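# Secondary and tertiary structure notes
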Amino acid sequence: MTTLRPFTCNDLFRFNNVNLDPLTETYGLSFYMHYLAHWPEYIQVAESPSGEIMGYIMGKAEGHGENWHGHVTALTVSPDYRRLGLAAMLMKFLEEVSEKKQAYFVDLFVRVSNKVAITMYQQLGYIVYRTVLEYYNGDPDEDAYDMRKALSRDVNKKSMIPLTHPVRPEEVD
Amino acid sequence: MASKTHVDNTVNERRLRPIYDWLDNGNNKKALQEADKVLKKHPSNQCARVLKALALLRLGKESECQIIMDKVRSEIPCEDSTLQAMTICYREIHQPDKISEVYEAAAKADPNNEELLTHLFMSYVRLGDYKKQQQTALTLYKMKPKNPYYFWAVMSTVMQAIHSDQKLAKGIILPLAERMVLKLVREGKMEAEQEVQLYLMILELQDKNEEILNVLSSPLASHLSYVPQQKATILLKLERFPEAANAYRELIKKNNDNWAFYQNYLLAALKFQQPTECLDFLNNIINTSEKGIRAPYLARLDLLKRAYDSEDVQCNLQAVNFMHQYFVQFGEKGCVVGDLRLYLNLLTSKMKFELFEKIEKDVGVTSDEFPTTVRQMQRHIHLEQLRRICGFHHPPLADRNKQEQLIKRLCDLYKKGIELCPMQDRLPTDFCPADPYILLATHLLHQLWVDTSDASFLYKAMSLLEHGLLSSPVNFHIKILLVRIYLEAGLVVAADHTFALLDVKHLQLDSLGHLYAPLLAPLGNLPLASTTLDHTAKFFIANYKDSADHLTFAYKYGSFIKIQEFVELRERLDNSFHFAMTTVDKMLLDLCWCDSTASLISTLNSMHIQPHLDTIRWASLRDNRDLEVVRGWEPLHQNEKDSRMQEETRVCMLRLLAARNAILRILAASAKSSSNFLSQISTELKELDEEIIPKILQKFETDGKRNRPCKILVPLDAVERLREAHYSEQLRTIACLANSLSQSSYPDFDCIQMLQTSLCLQTLPIPERDTPISFKNFLFRAATCSESLAIISAICSVYAVKSKPHASQKKNKKKCNKKIESNMINETNETKVWREVAVLLSERVQNLDAVLTEFEKYELHTDLDENDHVCTTIMNRIIKRGQASLRQSCRSLKSRTQPILRLLSNLKS
């Protein structure tokens, strides 16, 4: 149970209970401001009845023609509020916004090692569309799965036909 | 750099590309050379000249940069890449108004250039000149009738309204904005969601709710999202309760777990319905929705809270039942405690006992048993947290004996608990489910430390938490408490080590800085303080530069709903308390390292401190601390009093800032020939210290004891520092010195006596050995002593140097009429007094140095027992880092004695 509402600048001062978790990256201010300025409708917070931030989602819409799609940039839930179905709820929200924008599909990138997340996305109807080699910098670099789910506009689910070969990060648009 | 893409002239681009590349790579020297090379062939190339100026600026040659920029500006450049480069340059040199000037001139020279006007508009956005924004946007719209330009003008009008007084806004400006939009509505030209949103914003600012409802029911609503939700909100605002309740009922049926819908439903429905009718609706939702939906269950409690008096027996009974049921269903979820906490005040203490008895029975772990599954353990933990919230860990329900038993029990529970969920069975990214046991135990240990001043409780907490961190390395709650406990014991290096694990950065430097940064220098670790303060200040300064860009993006993308929010964020960061405190602390720290009057004066000059002008905007200061990040389960107060005392601690920050800012201004005034300012500021500081500060400190006294650690969980940096500044007589002593110097050209008798006795120039006795100790108070005083000596020596030095030529001038004025001899006597007297002061201060410095030398040999004693759940690794770690903390604080304070002594030796002569 939450209140879903748009992310505001003031939340940047209060999202520590979510962001102190090592799985969640805290970006420079410009990153959040860029998303808030460009895609304010795509950034939502889940708030607990006591007013605490339980998690949030950030996304955007991009691409041309049949590649017009919603993208999940960040999805994160505080360790204290996991296993409550919050991630699914936030994803559903992002899919609805993308539907309204008449996008063809929603996609996201995830570390191939992040089994929990991958399973969750699969349960929500996402498939591994392709592997992006050495997408995440680190020691060593890690591959990413580009996962996708078709929206209603993509009637034949063309966007969900997986690629047979992995791609390099520079081939990803 | 944005300019890269905009060079339309290809020749220009080919030539200038290398300069851009060097600038982008941060190699400004190479950029300068490259620019000079281009300018040799094309000395008049404007863009190359500006890039050269930019390189010079980044090399620290501001005045050379300024000369080139002024010259180029006078030529009225119109070419895009030049203007872009100038924009960057003026932004970095903090002259955003020049950007507007440049574009104004260009737009005048080339009046039909859409792009130039767009840039001009954005330059006004950077300045926040709403009126000129509006004019420019309308000019643009006339030239090219595109909707975005028109709505830029509308939004600029709205911003004028927001930033002017209510009467003008509502009477003239907002109606104008509304008419502007209506014109396009009538012409059927509304195109985008943002435009309709802006229209609604204008109506909302005028409280025209009926009109909003009309828009939401009109064809315009097809542009909008969440129309039913917006309608419901407006119906509630219009107090059309039956319709609002109905609207929310529909929303709940579609989305039965959105908490806000339930709250608004109850708000509306209870205005015209019986509580039982609402209850029927909620029960109906419960019966028809899938399991795991929590909102309707919690809403029943919300209904009780809204509808009944807490004295009502019937309500009490029902609340117990609902809460019990809630726990039965959701007891193992992490949210259950926070959810129920909101309603615990509905219960009498008798009812609380009853509730916990029921829950205890369900959980099924008696007081000498242990949970056998993780789920059972989670329920058990949540019960214990609820009990703590209801005062079961505090007197009168738990005396000291009981508390110690509880700690032991919690430690045992933790030990058994981690066996239920060994590390290899868990995701490395998840917390260990047993962790809350040690968090609870730590809170109790902290409480015992506060009550008994026995530091062995602190060391026990350290070992517990360090232990927890080994098996649950991602748990930031453990880290936060550990930082708090280490600082409570005065161990900075250990705290620093733990704080680094939190990886606090960017905006968190502001919201979480209070956990750590403000206590570094007061606990004696000056190098760490210096880097941290620098790092923090850089964040704020860089951000201020960028924040105007974000605003321009919001206009560019038409995100009008975000514009006022962005302006507020900018204000919030710019006026951050933490920023202001960081700046003042950093300046004082830098000044305390100066070892000659020359370096003092040049440092003071570079800081632009104006003794007559207080540059801090006191009324606008913003408290950006995130206090909720610390998990505490503090007992609920009946009157909902804030157990973290946010407001009181904010006032402490305010007073501390005022006091330290006054010290800074006294220093600056002493260096300038302005003794009347000195008198004024010293009076301010005296009043602050004698009247204002004691009032706020009183609120933190427990049982009339003034120097006891505080019970509050969140760090109390400002409270503790203010206490120290006040009770050590630091503020009093500095005020007294400043006052004395404003009266005469050297310290008077009273002032010298004050210096002789002042506590802030003396250390506390070295703590007892072979027993666990918190070094906080000892280190606080040692650091105060060192800082006070540095500041007082600095004030005396700059003042003495300044008053010498001043005295000789006086002599000339008086000419030969007066006896030169008496002046001579005066002057020798003056020299004598200064020497006396210098000798006294040097003595104090040497005392401090001797004490620190002695303290450096101190061996930390933890009293930790290897049998007591503590493994040797952890014990050794605590001792090693603790010892390093003491050494570093000691050495860094000692390293400051040399510069002070050099300063004083000048004063002597």
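Residues numbered from 1 in each chain as written. Chains lettered and ligands numbered in written order. Predicted model: local features only at pLDDT ≥ 70, side-chain atom pairs only at ≥ 80, totals over all residues.

## Concerning the overall build of chain B
Let me state the cut-off plainly: Secondary structure elements follow DSSP: runs of H or I no shorter than four residues count as helices, runs of E no shorter than two count as strands, and numbering proceeds from the N terminus. Remark: residues whose backbone-derived C-beta atoms lie within 7 Å of one another are considered to be in contact.
Each helix and strand in chain B was counted, giving 40 helices and zero strands. Taking the principal axes of the C-alpha coordinates as reference, chain B spans close to 100 × 85 × 55 Å. Intrachain contacts of chain B at a sequence separation of at least 6 include 68% that bridge at least 24 residues.

## Examining the nonpolar core
Definition in use: By definition, a nonpolar core groups buried Ala, Val, Leu, Ile, Met, Phe, Trp, Tyr and Cys residues that are joined through C-beta atoms within 7 Å. Exposure classification rests on a simple neighbour count of other C-beta atoms within 10 Å of a residue's own: a residue reaching 20 or more is buried, one at 12 or fewer is exposed, and one in between is partly exposed. C-beta atoms are placed from the backbone.
Ranked by size, the top nonpolar core spans 330 residues in total, and within it B:Leu51 and B:Leu667 carry the most contacts. With 16 residues, the top contributor of residues to this core is helix α37 (residues 776–814) of chain B.

## Brief notes about the confidence of the model for chain B
All names here are of chain B. Here is the rule we go by: For every residue, the pLDDT score states the predictor's confidence, bounded by 0 at the bottom and 100 at the top.
Chain-level statistics for chain B give a pLDDT mean of 91 and a share of 94% at 70 or above. Note that pLDDT drops below 50 for residues 1–8; the model gives that stretch 18 contacts with residues more than four away or on any other chain. pLDDT under 50 marks residues 806–819. Its contacts with residues more than four places away, or in other chains, come to four contacts. Predicted complex, confidence summary: ipTM 0.95, pTM 0.92.

## Some details on the UniProt feature "domain: N-acetyltransferase" (unreviewed entry) in chain A
Where we set the bar: UniProt positions are given in the numbering used here, feature names are shortened, and annotations may be inferred rather than shown by experiment.
Mapped onto this structure's residue numbering, the UniProt feature "domain: N-acetyltransferase" (unreviewed entry) falls at residues 2–152 of chain A. End-to-end, the C-alpha atoms of residues 2–152 of chain A are 27 Å apart, and along that stretch the chain is 25% helix and 35% strand.

## Concerning the environment of B:Val837
Residues and elements named next belong to chain B. In this fold, Val 837 is placed in helix α38 (residues 820–856). Among the residues examined, Val 837 registers 23 C-beta atoms within 10 Å and is labelled buried. Separated by 85 residues in the primary sequence, Val 837 and Ile 752 have C-alpha atoms spaced 7.1 Å apart. Discounting chain neighbours no more than four positions away, the residues touching Val 837 are Pro 747, Ile 752, Leu 755 and Cys 796.

## What to know about the sheet that holds strand β7 (residues 142–150) of chain A
Residue and element names in this part refer to chain A. Quick reminder of the rule: Between any two strands, pairing holds if DSSP finds at least two bridges. The axes used here are C-alpha line fits, helices contributing only the stretch in contact, and every angle between their N-to-C directions lies in the interval 0 to 180 degrees.
Spatial strand order, β1-β2-β3-β4-β5-β7-β6: seven strands in an open sheet with mixed pairing. Looking at the sheet topology across the chains shown, the edges are occupied by β1 (3–6) and β6 (127–136). Each adjacent strand pair in this sheet contributes to an overall mean axis angle of 25 degrees, direction not counted.

## Side note on the packing of helix α24 (residues 456–471) of chain B against helix α25 (residues 476–488) of chain B
Residue and element names in this part refer to chain B. Rules: For classification purposes, angles smaller than 35 degrees are called roughly parallel, those larger than 145 roughly antiparallel, those between 65 and 115 roughly perpendicular, and all remaining angles oblique. By convention the crossing between two helices is left-handed if the near helix lies anticlockwise of the far one by an angle smaller than a right angle, and right-handed if it lies clockwise.
Running from N to C, α24 and α25 cross one another at 155 degrees; their axes reach a closest spacing of 10 Å. Between α24 and α25, the crossing angle belongs to the class labelled roughly antiparallel. Considering how the two elements wind past one another, α24 and α25 form a crossing that is left-handed. Along its contact with α24, which presents Leu 458, Ala 461, Met 462, Leu 465, Glu 466, Gly 468 and Leu 469, the element α25 presents Ile 478, Lys 479, Leu 481, Leu 482, Ile 485, Tyr 486 and Glu 488.

## Re the interface of chain B and chain A
Convention followed: Basically, the charged four are Asp, Glu, Lys and Arg, the nonpolar ten are Ala, Val, Leu, Ile, Met, Phe, Trp, Tyr, Cys and Pro, and anything else, Gly included, counts as polar.
Taken together, the contact pairs 45 residues of chain B with 37 residues of chain A. Per-class residue counts for the side of chain B that touches chain A are 20 nonpolar, twelve polar and 13 charged.

## Looking at the pairing of strand β2 (residues 44–47) of chain A
Residues and elements named next belong to chain A. With burial as the criterion, each face of β2 is covered, one bearing Gln 44 and Ala 46 and the other bearing Val 45 and Glu 47. Across four bridges, β1 lies against β2 in antiparallel orientation. From the neighbouring strand, Arg 5 faces β2, where its bridge partner is Val 45. When β2 meets strand β3 (residues 53–62), the two strands line up antiparallel, connected through four bridges. Bridge assignment links Ala 46 to a residue of β3, and that residue is Gly 55. From the end of β2 to the start of β3, which pair antiparallel, there are five residues, and Gly 51 there has a positive phi angle of about 90 degrees.

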